[in-house]
Amino acid sequence: FLENATATQKITRINQTHQQQAIRIQQHIQQYPNLILACDANTIPTSNTYRILTKGLTDAWVSKGSGIGKTYPHNYLPYLRIDYLLATPTLQWQQ
């Protein structure tokens, strides 16, 4: 499918796959009251995938971080954050 797809079709398919994976992760982590999830999500904080992943979890950078929080070095997108540390609310992030 992806070999002959347009760039838009590829991005759409990849986003759908990421969202499905995030849903499966969310279903699994519901079992654990004390959990830290470190993930190379390859998705930005405004995406549906991020919203699914962070449901019921605290993002370490949002909670205690400062600055731009970039996790991906890129010449054209120097402020991209695509990797995350998330935890259940029972755990508190420290600076």
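If you're wondering where the values come from, they're calculated on a predicted model, not measured in any experiment.

(A) Representation of helix α1 (residues 7–29) in the model. With 23 residues, α1 ought to run about 33 Å at 1.5 Å a step, and its terminal C-alpha atoms sit 33 Å apart, in line with that. Summarising the contacts, the buried residues of α1 are in contact with α2 (48–54).

(B) A look at the pairing of strand β3 (residues 83–87). Note: strand β1 (residues 36–40) against β3, five bridges, orientation antiparallel. Residue pairing in the sheet places Ala 38 in a bridge with Leu 85 of β3. Bridge analysis of strand β2 (residues 58–59) against β3 gives two bridges, and the strand direction is antiparallel. Paired with Asp 59 across the bridge in β3 is Leu 86.

(C) Seen up close, the sheet that holds β3. In space, the three strands of this open sheet follow the order β1-β3-β2, with antiparallel pairing throughout. Where the open sheet ends on each side, the last strands, each with one partner, are β1 and β2.

(D) Highlighting unusual backbone geometry. If you check the backbone angles, Asn 42 has positive phi at about 50 degrees while not being a glycine. By the element assignment, Asn 42 lies in the loop between β1 and α2.

(E) Spatial organisation of the nonpolar core. One finds Ala 22, Ile 29, Leu 35, Leu 37, Cys 39, Ala 41, Tyr 50, Leu 53, Leu 57, Tyr 84 and Leu 86 forming the largest nonpolar core, which totals 11 residues. Listing elements by their share of this core, those giving two or more residues are α1, β1, α2 and β3.

(F) The side chain of Thr 43, seen in detail. With respect to the element layout, Thr 43 can be found in the loop between β1 and α2. A distance of 2.5 Å separates polar atoms of two side chains, one belonging to Thr 43 and the other to Ser 47. Leaving out residues up to four positions away in the same chain, Thr 43 has contacts with Thr 49, Tyr 50, Arg 81, Ile 82 and Tyr 84.

(G) Geometry of the environment of Ile 11. With respect to the element layout, Ile 11 can be found in helix α1. Taking relative accessible area as the criterion, Ile 11 reaches 52% and is therefore assigned exposed. Considering only alpha carbons, one finds Ile 11 and Asp 59, 48 residues apart in sequence, at a separation of 25 Å.

Analysis parameters
- Residues numbered from 1 in each chain as written.
- Predicted model: local features only at pLDDT ≥ 70, side-chain atom pairs only at ≥ 80, totals over all residues.
- Heavy atoms only, no water.
- Helix = DSSP H or I, 4+ residues; strand = E, 2+ residues; numbered from the N terminus.
- Expected span 1.5 Å × (residues − 1).
- Contact = heavy atoms within 4.5 Å.
- Pairing = 2+ DSSP bridges.
- Core = buried A, V, L, I, M, F, W, Y, C linked by side-chain atoms within 4.5 Å.
- Buried < 20%, exposed > 50% of the residue type's maximum accessible area, 1.4 Å probe, protein only.
- Polar contact = N/O pair within 3.5 Å; in protein donor to acceptor, adjacent residues only side chain to side chain.

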